[in-house]
Amino acid sequence: MKNNPNKKNSLKHVLFGSLIGTTIEFFDFYIYANAAVLVFPQLFFPSSDSTMATLESLATFSIAFLSRPLGSAFFGHYGDKIGRKFTLVAALLTMGISTVTIGFLPSYESIGVAAPLLLMLCRFGQGVGLGGEWGGAVLLAIENAPPNKRAWYGMFPQLGAPIGLLLSGGTFLLLTDSMSNEDFMSYGWRIPFIASALLVIVGFYIRTKITETPSFEEAKKHEEEVKVPFLELVKSYKNQLIFGTFAAITTFLVFYLMTVFTLSWATSDLGIVKRDGLLIQLFSVLFFALFIPVSAVVADKIGRRKMLIAATAAIAVFGFFFSFFLKEGNIPLVALFACIGMSLMGFTYGPLGTFLSELFPTNVRYSGASLTFNMAGILGAAFAPMIAIWLAKTYDVSYVGYYLVTAALISLVSFLVISKDEHKF
């Protein structure tokens, strides 16, 4: 994968290269999320108490968020030292191999406690891969963007999230519709994990055709690279790291409340069958995808910070209405809830990658943007489905909304106090 510094990336290669990688990574990530709710409690965590089995399964879901900062630190280091291209390919392969392996894992009934342990190891690998993928994909887009269209370019890798979710949810829906429950639980759930290998091959091919970004080449030419990017971040960019992390937690929390928690709660406590729960989720994702480009256009006009502050304030208001929407057996109301939540998710997610990347200079940007994003994943999402289910079961579903309101207030304060310096590209 030699790089030719004289060859410029075409717009098609830049945008498709950033989009295809995050689509694959998020597809892999979300098929695990669906399986953690619909399959793994029965196959890997057998228990007489279905709620406990679900919580144990969701605990493995959280492992990837804990390992994502490790992927950020590792891949970010090499992304800032040797370049974006090689690092992006390595991160994609790490994620892909981990996901395909899950498709071949034996169940608890076959090998006992080794089954959930192997599942956790693969989930760890998924987190490491995604931790390195996201930052590089965003930088591939915005470091090739004109100054007045940075948010627009930066939203292309963000579109990988709803596309990946549509593909994963659609695959599970197709399988559950076309197979008996016995066949699906026996081998059908494995198909999307194994089939993801085809997507990885496509992504690998496209990524190898991309050259380095102009910003990285410029920094390298002027010998601006630092010895250990992580240490430079801690030394000189503590404000951006800390408050950038807190600013992004609401984005993670609202997403996993709208997907994992809502699917689990709707199918277990609101009397909605799994198929209808998946259809609601897939329909709501269309609103997520729609408002990502809308938010990018607005962010390029009024500024990334203002756009994110407005979206976060709207999410705080939305948090007070959880108990109104989540009514037992009321499918239209639950669907409206999911669509509103996913629309707000699009508004906050679209400009986020560009905003976090603009907090750091080129020589530590891969590490800085990746670490803030993935540390926010730990605080905002790693245990969010478990906490939300516990709050809803112990108190009331309205307390899940208050949980979101609290996170939104923390993010709002962080947007207001974070450094307003914007570094050159």
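Everything that follows concerns the structure shown earlier in this document.
Nothing here was measured: the structure is a model prediction, and the numbers come from that model. (Residues numbered from 1 in each chain as written. Predicted model: local features only at pLDDT ≥ 70, side-chain atom pairs only at ≥ 80, totals over all residues. Heavy atoms only, no water.)

## Describing the overall build of the protein chain
In step 1: Tallying secondary structure elements over the protein chain gives 20 helices and 0 strands in all.
In step 2: Its C-alpha atoms give the protein chain a radius of gyration of 20 Å, within 12% of the compact-globule value 22 Å for 425 residues.
In step 3: In the protein chain, buried positions account for 60% of the 425 residues.
In step 4: Across the protein chain, every contact between residues at least 6 apart in sequence was considered, and the portion connecting residues at least 24 apart equals 86%.
In step 5: When the accessible surface of the protein chain is totalled, it reaches about 16,300 Å², and 68% of it is carbon and sulfur.
In step 6: Taken as two groups, the 30 positive and 26 negative side-chain charges of the protein chain have centres that lie 10 Å from each other. (Helix = DSSP H or I, 4+ residues; strand = E, 2+ residues; numbered from the N terminus. Rg over C-alpha atoms; globule rule 2.2 N^0.38 Å. Buried < 20%, exposed > 50% of the residue type's maximum accessible area, 1.4 Å probe, protein only. Contact = heavy atoms within 4.5 Å. Areas by Shrake-Rupley, 256 points an atom, 1.4 Å probe, with all protein chains shown as cover. Lys, Arg positive; Asp, Glu negative; His and termini not counted. Charge placed at Lys NZ, Arg CZ, Asp CG, Glu CD.)

## Some remarks on the layout of surface pockets
In step 1: Taken as a whole, the largest pocket holds about 320 Å³ of empty space.
In step 2: Lining the largest pocket we find 18 residues, and of these Val-37, Ser-50, Thr-54, Ser-264 and Ser-268 sit closest to its centre.
In step 3: At the level of elements, helix H1 (11–38), helix H2 (40–43), helix H3 (50–81), helix H12 (238–268) and helix H19 (384–394) are the ones that each hand at least two residues to the lining of the largest pocket.
In step 4: The greatest single-element share of the lining of the largest pocket, amounting to 5 residues, is contributed by H3.
In step 5: When grouped by side-chain class, the residues that make up the lining of the largest pocket number 7 nonpolar, 8 polar and 3 charged.
In step 6: As a volume, the second largest pocket reaches approximately 200 Å³.
In step 7: Residue lining of the second largest pocket: Pro-69, Phe-230, Val-234, Leu-241, Ile-242, Thr-245, Phe-246, Leu-371, Met-375 and Leu-379, and that is the complete set.
In step 8: Looking at the lining of the second largest pocket, the elements that each hand over two or more residues are helix H11 (229–236), H12 and helix H18 (362–382). (1 Å grid on protein atoms, 1.4 Å probe; cavity = no way out; pocket = protein on both sides within 12 Å on 5 of 7 lines; lining within 4 Å. Points joined across faces, edges and corners; volume = space filled by probe spheres on them. Nonpolar A, V, L, I, M, F, W, Y, C, P; charged D, E, K, R; others polar.)

## Overview of empty space enclosed by the protein
In step 1: In the structure shown here, the tally under the stated rule is 5 cavities of 30 Å³ or more.
In step 2: Space inside the largest cavity adds up to approximately 100 Å³.
In step 3: Considering the residues around the largest cavity, the lining is formed by Phe-26, Tyr-30, Arg-68, Ala-161, Thr-251, Phe-252, Phe-255, Tyr-256, Phe-288, Met-345, Tyr-349 and Phe-373.
In step 4: Among the secondary structure elements, those contributing two or more residues to the lining of the largest cavity are H1, H12 and helix H16 (331–349).
In step 5: Ranked by residues supplied to the lining of the largest cavity, first place goes to H12 with 4 residues.
In step 6: The class makeup of the residues in the lining of the largest cavity is 10 nonpolar, 1 polar and 1 charged.

## Some points on a nonpolar patch on the surface
In step 1: Side chains of Val-317, Phe-320, Phe-321, Phe-324, Trp-390, Tyr-395, Tyr-399 and Tyr-402 sit close together on the surface and give an oily, nonpolar patch of about 880 Å² of accessible area.
In step 2: The topology assignment puts Tyr-402 in helix H20 (residues 398–417). (Patch = residues over 30% accessible without salt bridge, like charges linked within 9 Å, V, L, I, M, F, W, Y side chains within 5 Å. Salt bridge = Lys/Arg side-chain N within 4 Å of Asp/Glu carboxyl O.)

## Let's talk about the pattern of salt bridges
In step 1: By the definition in use, this model includes 6 salt bridges.
In step 2: Between Asp-300 and Arg-304 there is a salt bridge whose closest N-O contact spans 3.0 Å.
In step 3: Since its relative accessible area comes to 22%, Asp-300 is described here as partly exposed.
In step 4: A relative accessible area of 10% places Arg-304 in the buried class.
In step 5: The salt bridge partner of Glu-358 is Arg-304, with a shortest N-O separation of 2.5 Å.

Function-wise, these values are silent; they only describe arrangement.
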